[in-house]
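Listed here are the chains, written in short residue letters.
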Amino acid sequence: MQSDRQKVLIVDDDPSQLEIYALLVEQAGYASVPALVKFAGAEFPQVDDIGLIILDYRLTSSKTSSELALEMRSLYPAAPIILLSDVWNLPTEIAPYVADFVRKGEPAKLLGTLSRLLPVHCETKLETD
């Protein structure tokens, strides 16, 4: 049996947060693709089939999350972006680039938003003799 899980790019500057959200995404049936943001920005994977992006808003980087969102828009034009942050409202400068906004610490809402924007799709192939 082979499973083809949809890929979710997770973008954060904190390795422990990347691990937490990757685990959450994996447990929900998606494949996680972590991208660690460093001071100079991030190296995004050359993967064509990213289905959705989870982007942390507050980053320790020379690039703002809006700049990174714009960069990801060009790399993955069909992938909606979920902005993840501890701020109360969606910041206006990044609003044009994101499909939805979820506050940190609300994993159920994040998973609900994720499944609404990218339903779990698994193709199963059975081998026969």
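Quick note: structure is the one above.
These notes cover the structure that comes with them. Note that the structure is a prediction, hence the values are computed from the model and not measured.

Our focus in this paragraph is the nonpolar core. If you look at the biggest cluster of nonpolar residues, it comprises 23 residues, and the most contacted ones within it are Leu 9, Val 11, Phe 44, Ile 53, Leu 55, Met 72 and Tyr 76. For this core, the secondary structure elements donating two or more residues are strand S2 (7–12), strand S3 (31–38), strand S5 (50–56), helix H2 (65–75) and strand S6 (81–85). When neighbours within four sequence positions are excluded, Val 11 is seen to be in contact with Leu 18, Ala 35, Val 37, Phe 44, Ile 53, Ile 54, Leu 55, Asp 56 and Met 72.

Time to look at the pairing of S2. When you tally the buried positions in S2, you get 5 out of 6 residues, the bulk of the element. Where S2 and S3 come together, 6 bridges link them in parallel fashion. Within the sheet, the bridge partner assigned to Ile 10 lies in S3 and is Pro 34. Traced from S2 through helix H1 (residues 15–27) to S3, the parallel crossover comes out right-handed. Here S2 runs beside S5; their pairing, made up of 5 bridges, is parallel.

Following the criterion strictly, the structure yields 0 aromatic pairs and no others. For the cation-ring pair, Arg 103 lies above Trp 88, with the distance from its terminal atom to the ring centre recorded as 3.7 Å.

The next point concerns the pattern of salt bridges. Counted by the stated rule, this structure contains 6 salt bridges. With a shortest N-O distance of 2.8 Å, Arg 5 and Glu 26 are connected by a salt bridge. Placement of Arg 5 in the loop between strand S1 (2–3) and S2 and of Glu 26 in helix H1 is noted, with a sequence separation of 21 residues between them. For the salt bridge of Lys 63 with Glu 71, the shortest nitrogen-to-oxygen distance reads 3.1 Å.

Looking at the secondary structure, you find Ser 85 in strand S6. The class of Ser 85 is buried, set by a relative accessible area of 1%. Setting aside anything within four residues of it in sequence, one finds Ser 85 in contact with Tyr 57, Phe 101, Val 102, Arg 103 and Lys 104.

Regular strands have side chains that alternate between both faces of the sheet. Pairing geometry for S3 and strand S4 (residues 41–42), over 2 bridges, is antiparallel. Looking across to S4, one finds that Lys 38 is bridged to Gly 41.

Attention shifts here to the environment of Leu 68. With respect to the helices, strands and loops of the structure, Leu 68 is situated in helix H2. On the basis of relative accessible area, Leu 68 is assigned to the buried category, the value being 0%. Separated by 26 residues in the primary sequence, Leu 68 and Ile 94 have C-alpha atoms spaced 9.9 Å apart. Once residues lying within four places of it in the same chain are set aside, the contact partners of Leu 68 are Val 37, Ala 42, Phe 44, Leu 59 and Lys 63.

Reading the values: the criteria
- Throughout this document, residue positions are counted from 1 along each chain, in the order its sequence is written.
- In keeping with the model being predicted, local features are shown solely for residues with a pLDDT of at least 70 and side-chain atom pairs are shown and tallied solely at 80 or more, while totals for entire chains, interfaces and linings include all residues.
- To get the side-chain values, all heavy atoms of the structure are used, and hydrogens and water are removed first.
- To form a nonpolar core, buried Ala, Val, Leu, Ile, Met, Phe, Trp, Tyr and Cys residues must be joined to one another through side-chain atoms within 4.5 Å.
- Burial classification: accessible surface area is computed with a 1.4 Å probe over protein chains only, and a residue below 20% of its type maximum counts as buried, one above 50% as exposed, and the rest as partly exposed.
- Helix numbers and strand numbers start at the N terminus; a helix is a DSSP run of H or I with at least 4 residues, a strand a run of E with at least 2.
- Contact definition: two residues touch when any of their heavy atoms are within 4.5 Å.
- Two strands pair if DSSP finds at least two bridges between them.
- Crossover handedness is defined by viewing with both strands directed away from the observer: a clockwise path from the first strand over the helix to the second marks the crossover as right-handed.
- The criterion for an aromatic pair is that two Phe, Tyr or Trp rings (for Trp, the six-membered ring) have centres within 6.5 Å, with stacked assigned to planes under 30 degrees apart, edge-to-face to planes over 60 apart and tilted to the rest.
- Comment: the charge-over-ring label is applied if NZ (Lys) or CZ (Arg) is within 6 Å of the ring centre and within 35 degrees of the ring normal.
- One speaks of a salt bridge when a side-chain nitrogen belonging to Lys or Arg is within 4 Å of a carboxyl oxygen belonging to Asp or Glu.

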